[in-house]
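Understanding the architecture of this molecule
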Amino acid sequence: MMKTIKSISAMRRYTMHLKKSGCSIGLVPTMGALHDGHCALIRAAKKNHNIVIVTIFVNSKQFNSRGDLKSYPRSLRTDRRLCGHEAVDILFLPNEKSVYPLGFQTEVFVKNLSKVYEGAARPGHFKGVTTVLAKLCHIVSPDQLYLGQKDYQQAIVVKQMLSDLNLPISLSIQSTIRESDGLAMSSRNLLLKPTDRKSASVLYRALQEGKNKIRLGERSGYKIRRSILAVLRTEPSVEIDYIAAMHPYTLEDMKLLSKKVVLAIAVHIGNVRLIDNIIVRIDK
Ligand code: AMP
């Protein structure tokens, strides 16, 4: 039976007890509105740990616009059912006041990796992410944290934080789960108007075009970005935020592609901001 815990102290007491009895804990942090992408993280964690903890917390600190926070989809009832169905052991639902009580003033910030791409487009976003994840890691003391490749930069920023803060927690990054037309699953997809939802499939097609060009021998980061741009431009409703060919660990712009590259894009369609990426391995 799934246990639901709302208080931070109860969560801490329970995980201390679990650790003492030798349990291995996998943590899947989410903001709810759960979909198959989240389920994939839960299933991966279930394979490796006796105890899987899912947190649902819509973290106000990682939103850089009030409107975005307000419109973020919430569906606790179905989320709870889905977690039960996936045999989650503990659903942790802390509330805003307990996570950020009056007088809260400590922030965790990964300086350089947080500056570029998503960090540049959404000031304060990663500071919010790393602050809440540092707290969740302290409260839950998991052995492993499960994040999605869908938010590639987030995973790299969090990896750096775990290392810098000497947190004895490994990171597992799971592949992106997609809809049948290639659109990466995201809670934000629920906010797309039907016509925009159709247009949104262009993101994956554009990334695939970049990958094809690499397969055909193109090694110029600039030219790959241009080929992605050309596909995105076929959808007039898509407003481009950035197109990147980045180094998988440093996130630096790759001018000459070699070994491995992350092709990443961020766009607006209607009022909805969507991101996606693929990792392309380069043999020669
Ligand atoms: P969120 O609830 O959007 O904060 O996401 C919680 C976790 O699920 C993050 O680690 C995301 O990267 C991951 N995630 C979101 N969408 C997907 C997806 N389509 N496939 C795999 N993981 C995902």
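Refer to the preceding data block for the structure.
Thresholds, definitions, all that
Residues numbered from 1 in each chain as written. Predicted model: local features only at pLDDT ≥ 70, side-chain atom pairs only at ≥ 80, totals over all residues. Heavy atoms only, no water. Buried < 20%, exposed > 50% of the residue type's maximum accessible area, 1.4 Å probe, protein only. Helix = DSSP H or I, 4+ residues; strand = E, 2+ residues; numbered from the N terminus. Pairing = 2+ DSSP bridges. Axes fitted to C-alpha atoms, helices over the stretch in contact; angles between N-to-C directions. Contact = heavy atoms within 4.5 Å. Expected span 1.5 Å × (residues − 1). Arc of directions from axis to C-beta. Near = heavy atom within 4 Å. Polar contact = N/O pair within 3.5 Å; in protein donor to acceptor, adjacent residues only side chain to side chain. Nonpolar A, V, L, I, M, F, W, Y, C, P; charged D, E, K, R; others polar. Core = buried A, V, L, I, M, F, W, Y, C linked by side-chain atoms within 4.5 Å.

**Details of the pairing of strand β5 (residues 144–148)**
β5 sits mainly inside the fold: five of its five residues count as buried. Of the two faces of β5, the one lined by Gln144, Tyr146 and Gly148 and the one lined by Leu145 and Leu147 are each fully buried. Relative to β5, strand β2 (residues 25–30) is paired through two bridges, and the arrangement is parallel. Paired with Gly26 across the strands is Gln144, a residue of β5.

**Quick notes on the sheet that holds strand β9 (residues 272–281)**
An order of β7-β8-β9 is seen for the three strands of this open sheet, with the pairing classed as antiparallel. This sheet does not close on itself; its edge strands, each paired only once, are β7 (238–246) and β9. Ignoring strand direction, the axes of neighbouring strands in this sheet form an average angle of 15 degrees. Contacting β7, β8 (260–269) and β9, helix α10 (residues 202–215) crosses the sheet at an angle of about 20 degrees to β9. On top of the sheet, helix α11 (residues 221–232) reaches β7 and β8; it is set at about 155 degrees to β7, its chief contact.

**Quick notes on α10**
Taking 1.5 Å of rise per residue, the 14 residues of α10 would be expected to cover 20 Å, and the 20 Å separating its terminal C-alpha atoms lies within 8% of that figure. What α10 keeps buried is the set Val202, Leu203, Ala206, Leu207, Gly210 and Ile214. End-on view of α10: buried residues confined to an arc of 140 degrees, all on one side of the axis. Contacts from the buried residues of α10 go to α9 (194–199), α11, β7, β8 and β9. Among the residues trailing α10, Gly217 stands out with phi positive, at a value near 115 degrees.

**Focus on the site of the ligand**
Taken together, the neighbourhood of the ligand is formed by 17 residues, with Met31, His38, Asp151, Ile177 and Met185 sitting nearest. Taking His38, its side chain carries an N or O atom lying 2.9 Å from an oxygen atom of the ligand. Met185 is positioned such that a nitrogen or oxygen atom in its backbone is 2.8 Å from a nitrogen atom of the ligand. With three residues, helix α2 (residues 36–48) is the single largest residue contributor to the shell around the ligand. Taken together, the residues that form the shell around the ligand break down as seven nonpolar, eight polar and two charged.

**Regarding the nonpolar core**
Most often, soluble globular proteins keep nonpolar side chains buried together rather than apart. Counting residues in each nonpolar core, the largest one holds 47 residues, and the members touching the most others are Ile53, Phe92, Leu145, Met161 and Leu162. Among the elements that line this core, the one with the most residues is helix α7 (residues 125–140), at nine residues. What Phe92 contacts, discounting residues up to four positions off in sequence, is Ile5, Lys6, Ser7, Ile8, Met11, Ile53, Val54, Thr55, Ile56, Leu136, Ile139 and Val140. Val202, Ile214, Ile228 and Leu257 belong to the second largest nonpolar core, which has 28 residues in total.

As far as function goes, none of this settles anything; it's purely spatial.
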